[in-house]
Amino acid sequence: MAVSVLAGVYLLADHRGYQRAATAYTAEIAQMKADAATARADEIERQNAVNDAAKAAEARSIAQMQADNQSLQDKIKELQSEAHKDSDAGKPALGASSVQRVNKIR
């Protein structure tokens, strides 16, 4: 009988200890999950900020390229207009104005 009592006390104490450990670890696991969710949200926010900055830089780069392209197109039109107006256009040698236009292209 004493052995049964001791076994019962042992099982009761062991069960309560297990429950305390399970409660503690459940809380620890819940905290770890919350920390992971926060870290994930922070990383997504960081990536979005970096992506937005890259998109803005790319938009500025594209705008600059378009402005440069337009400037070149305007220069080409100007030089073509000057070439059509050149009275020496059909001659076998380049005149001074033709040389100047060629130098502008460089």
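Everything below is about the structure shown above.
As the structure is a prediction and not an experimental result, all values here were calculated from the model.

Colleague: Please clarify how the overall build of the chain should be interpreted in this entry.
Modeller: Counting its secondary structure elements, the chain contains two helices and zero strands. Counting every position in the chain, which comprises 106 residues, the buried fraction comes to 5%. Counting only carbon and sulfur atoms, one obtains 60% of the accessible surface of the chain, whose full area is about 9,200 Å².

Colleague: Please clarify how the pattern of salt bridges should be interpreted in this entry.
Modeller: Oppositely charged side chains may form a pair once their charged atoms are brought near each other. Scanning the model with the defined rule gives one salt bridge in all. Between Arg46 and Glu43 there is a salt bridge, and its shortest N-O distance comes to 2.6 Å. Remark: Glu43 and Arg46 occur in helix α1 (residues 2–85); sequence separation between them is three residues, near one turn of the helix. For Glu43, a relative accessible area of 31% gives the class partly exposed.

The rules behind each value
Sequence order as written defines residue numbering, which begins from 1 separately in each chain. In view of the model being predicted, local features appear only for residues whose pLDDT reaches at least 70, and side-chain atom pairs are presented and counted only at 80 or more, with totals across whole chains, interfaces and linings using the full set of residues. In computing side-chain values, all of the structure's heavy atoms are included and hydrogens and water are not. To qualify as a helix, a DSSP run of H or I must reach at least 4 residues; to qualify as a strand, a run of E must reach at least 2; elements of each kind are numbered from the N terminus. Note on classification: 1.4 Å probe, protein chains only; a residue is buried when its accessible area is under 20% of the maximum for its type, exposed when over 50%, partly exposed between these limits. In short, Shrake-Rupley with a 1.4 Å probe defines the accessible areas, and a residue's cover is counted only from the protein chains shown. The term salt bridge refers to a pairing of a side-chain nitrogen on Lys or Arg with a carboxyl oxygen on Asp or Glu at a separation within 4 Å.

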